[in-house]
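Chain by chain, the residues run as shown.
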Amino acid sequence: MNLIEGHLAIDPPSGVPVWDIDPYDPAILSDPREYYAELRSKGPFAYIPRYSILACGRYGETKEVFSDWSRFVSSRGVGILDLKFAAPFQARSIIIDVDPPYHAKTRTVLARAMSPRAVAELKEKFREDAERLVDSLIGRGTFDAVQDLAEVFPTNVFPRAAGLKETDRRRLIDYGAMVFNAIGPENDLRRKAMKRVEEILPWVMERTKRDMIEPETFGATIYAAADEGEITEQEAGMLVRALLGAGIDTTVTGIGNALWCLGQNPDAFELLKEDPNLARPAFEETLRYTSPVSAFYRTANCDTEVSGTRIVEGSKILCVLGSANLDESHWPNADRFDIRRRPFGHLALGTGIHGCVGQNVARAEVDAVLTAIARKVNRIEFAGEAVWRPNNAMHALDRMPMTFVPN
Ligand code: HEM
């Protein structure tokens, strides 16, 4: 057995182009559009020898592989490691790294915790918080839209909604970045993120214990499922932690990317001001256009075939969601940011049984922020260069100086 990056090494399948590229090159992670386009031009799959993986970036195949949980499993890890052979840096996730039937059990609990009703009850609070934050930034002149806005809003509202008694902005964001960097190979980004494990994990473990969770929160609903015997006490703690790992850095990135899109496209911002109800479609288009979660893996659990390509058991397949969301054969004018588009079926929140279970929360948060901006801000201006922060699985900004010109 020959392992590479913690998974089985495979030969290039017949007919699949061999592509000597490093998709984890920081320059590509920061600005992936050319790489996405080239990946699509190669055909349904490309073989990347450096990591002995297959990559797909056309809409059809990416969706097929990403959603067919029986052939392309998550239980062998959604990162480059095959959990059959290698251990992850923290206990395996009991929601994202598992298959049916076990997955249905944990998914039911999380879906209940973040039901449309539970989220609806938070909307007013989100709106008030967003308005206060936008008011404070309008009065400030130039600010950093990442540090002072995108990172502030979710770390104010989400840990509270999850039930945490105290929050620590930096630790929570870095925890998310750590989880997402761990998706990738043993490179500088992953090594650097892993250095923080010993400092961050115990903090997270402590804050997610039952007696640290406030009543009437997502976390309380999860622990109530343990009281009913639906899941164990230990599983409840793991699910609360899963929310913190998956629910903060992603939304931070969603807000930052939305502002970047609106800053780049003043016409879109004009439309949003005229009709703040476009906040929701503007977020969906941001998701399609920038794919905050750029790529996750699946592992072939049997010998199979997709679009004529033979795929052997154990193959790791990099599903490049960011590329599928820009596939011009699926999206007319894919390269245009158009908030009137209804990008139904984009893959930015996944699809199928593992589709983002926190999507109602993410939508409610970003909707609150974009609506407040649409109502109160006349013009969004860049006050310096927007800089992206390379991450092995996220397309996220590092800093973005901006000014909100008030009405
Ligand atoms: C699943 C993206 C916000 C919790 C996913 C998946 C994607 C995604 C692509 C699919 C993973 C897969 O199939 O392997 C995003 C983006 C977000 C966001 C782009 C924000 C813009 C959130 C929030 C939460 C959350 C706010 C928590 C409240 C989860 C969880 C899963 C998941 C627990 C695993 C679901 C499962 O395996 O059944 N998300 N997410 N996400 N997301 Fe999100």
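Parameters and conventions
Residues numbered from 1 in each chain as written. Predicted model: local features only at pLDDT ≥ 70, side-chain atom pairs only at ≥ 80, totals over all residues. Heavy atoms only, no water. Core = buried A, V, L, I, M, F, W, Y, C linked by side-chain atoms within 4.5 Å. Buried < 20%, exposed > 50% of the residue type's maximum accessible area, 1.4 Å probe, protein only. Helix = DSSP H or I, 4+ residues; strand = E, 2+ residues; numbered from the N terminus. Contact = heavy atoms within 4.5 Å. Near = heavy atom within 4 Å. Polar contact = N/O pair within 3.5 Å; in protein donor to acceptor, adjacent residues only side chain to side chain. Nonpolar A, V, L, I, M, F, W, Y, C, P; charged D, E, K, R; others polar. Donors = N, O, S within 2.8 Å, 3.2 Å for Na, K, Ca; no water. Disulfide = S-S within 2.5 Å. Salt bridge = Lys/Arg side-chain N within 4 Å of Asp/Glu carboxyl O. Axes fitted to C-alpha atoms, helices over the stretch in contact; angles between N-to-C directions. Parallel < 35°, antiparallel > 145°, perpendicular 65-115°, else oblique. Left-handed = near helix turned anticlockwise from the far one by under 90°. Pairing = 2+ DSSP bridges. Expected span 1.5 Å × (residues − 1).

- Looking at an unreviewed UniProt entry, one finds the protein chain named Cytochrome P450, with Bradyrhizobium macuxiense as its source organism.

As for the nonpolar core
Then comes step 1: Ranked by internal contacts, the top residues of the largest apolar core, which has 133 residues, are Leu-149, Ile-222, Leu-259, Ile-373 and Phe-404.
Then comes step 2: With 9 residues, helix H18 (residues 359-376) is the largest single contributor of residues to this core.
Then comes step 3: If we skip the residues at most four places from it in the chain, Leu-149 touches Leu-133, Leu-137, Phe-143, Asp-144, Pro-154, Ile-255, Leu-259, Val-369, Ile-373 and Phe-404.

Looking at the site of the ligand
Then comes step 1: The environment of the ligand is made up of 28 residues, and the closest members are His-103, Arg-107, Arg-298, His-354 and Cys-356.
Then comes step 2: Between an oxygen atom of the ligand and a main-chain N or O atom of Ile-95, the distance comes to 3.2 Å.
Then comes step 3: His-354 has a polar side-chain atom sitting 2.6 Å from an oxygen atom of the ligand.
Then comes step 4: Going through the elements one at a time, helix H4 (102-113), helix H13 (233-247), helix H14 (249-264), helix H16 (279-290) and strand S7 (296-300) are the ones with two or more residues in the shell around the ligand.
Then comes step 5: Examining the composition of the shell around the ligand, we find that 3 residues originate from one element, H4, more than from any other.
Then comes step 6: A class-by-class count of the residues in the shell around the ligand yields 19 nonpolar, 7 polar and 2 charged.

Some details on the coordination of the iron atom of the ligand
Tetrahedral metal sites with four donors have an ideal angle of 109.5 degrees; octahedral sites with six donors have ideal angles of 90 or 180 degrees.
Then comes step 1: No other protein atom reaches the iron atom of the ligand as a donor apart from Cys-356 (SG), found 2.3 Å away.
Then comes step 2: Take Cys-356: it is sitting in the loop between helix H17 (321-324) and H18.

Some remarks on the state of the cysteines
Then comes step 1: With the rule as written, the count across this model stands at 0 disulfides.
Then comes step 2: With no disulfide of its own, Cys-56 has Cys-319 as its nearest cysteine by sulfur position, at a separation of 4.3 Å.

What to know about the pattern of salt bridges
Then comes step 1: The final tally for this structure, using the stated rule, is 41 salt bridges.
Then comes step 2: One salt bridge connects Glu-284 with Arg-363, and the closest N-O pair in it is separated by 2.5 Å. A residue pair is termed long-range when its members are at least 10 positions apart, and Glu-284 in helix H16 and Arg-363 in helix H18 qualify at 79 residues. One exposure class covers both Glu-284 and Arg-363, and it is buried.

Re the packing of helix H6 (residues 123-138) against helix H8 (residues 152-162)
Then comes step 1: The geometry of H6 relative to H8 is characterised by a closest axis approach of 10 Å and an angle of 155° between their N-to-C directions. As far as their axial angle goes, H8 and H6 are roughly antiparallel. Seen along the crossing, H6 lies across H8 with a hand that is right-handed. Between H6, through Lys-125, Phe-126, Asp-129, Ala-130 and Leu-133, and H8, the contact on the second element is made entirely by Val-152, Phe-153, Asn-156, Val-157 and Arg-160.
Then comes step 2: Residues of the contact of H6 with H8, tallied by class, amount to 6 nonpolar, 1 polar and 3 charged.

Things to note about the sheet that holds strand S4 (residues 53-56)
Then comes step 1: Here 5 strands make up an open sheet; going across it, the order is S3-S4-S10-S7-S5 and the pairing mixed. With partners counted over all chains shown, the strands left at the sheet margins are strand S3 (46-48) and strand S5 (72-73), one partner each.
Then comes step 2: In the sheet, S4 pairs with strand S10 (residues 316-319) via 3 bridges, with the strands oriented parallel. Counted as the bridge partner of Cys-56 is Cys-319 from S10.

Remarks on unusual backbone geometry
Then comes step 1: Going from Pro-100 to Pro-101, the amide bond is cis rather than trans, its omega being 5°.
Then comes step 2: Mapped onto the elements of the fold, Pro-101 is located in the loop between S5 and H4.
Then comes step 3: At Glu-5, a residue that is not glycine, the phi angle is positive and equals roughly 50°.
Then comes step 4: Relative to the helices and strands, Glu-5 is located in the loop between strand S1 (3-4) and strand S2 (7-8).
Then comes step 5: For Glu-5, a relative accessible area of 24% translates into the label partly exposed.
Then comes step 6: For Glu-216, which is not a glycine, the phi torsion comes out positive at approximately 55°.
Then comes step 7: When you line up the elements, Glu-216 lands in the loop between helix H11 (197-207) and helix H12 (218-227).

Focus on H13
Then comes step 1: A rise of 1.5 Å per residue sets the reference length of H13, with its 15 residues, at 21 Å; its end C-alpha atoms lie 21 Å apart and thus fit the reference within 8%.
Then comes step 2: When you tally the buried positions in H13, you get 11 out of 15 residues, the bulk of the element.
Then comes step 3: Regarding H13, the residues found buried are Glu-235, Ala-236, Gly-237, Met-238, Leu-239, Val-240, Arg-241, Leu-243, Leu-244, Gly-245 and Gly-247.
Then comes step 4: If you follow the buried residues of H13, they end up packed against H4, H8, helix H9 (169-181), H11, H12 and H14.

Considerations on the pairing of S7
Then comes step 1: Across the 5 residues that make up S7, a large majority, 5, are buried.
Then comes step 2: The two faces of S7 match: Phe-296, Arg-298 and Ala-300 on one face and Tyr-297 and Thr-299 on the other face are all buried.
Then comes step 3: By the bridge criterion, 4 bridges tie S7 to S10 in an arrangement that is antiparallel. What sits directly across from Phe-296, in S10, is Cys-319.

Regarding the environment of Arg-40
Then comes step 1: For Arg-40, the position within the fold is in helix H2 (residues 33-41).
Then comes step 2: For Arg-40, a relative accessible area of 9% puts it in the buried group.
Then comes step 3: Residues Arg-40 and Leu-318, 278 residues apart in the sequence, show an inter-C-alpha distance of 13 Å.
Then comes step 4: For Arg-40, the side chain forms a polar contact with the side chain of Glu-328, separated by 3.1 Å.

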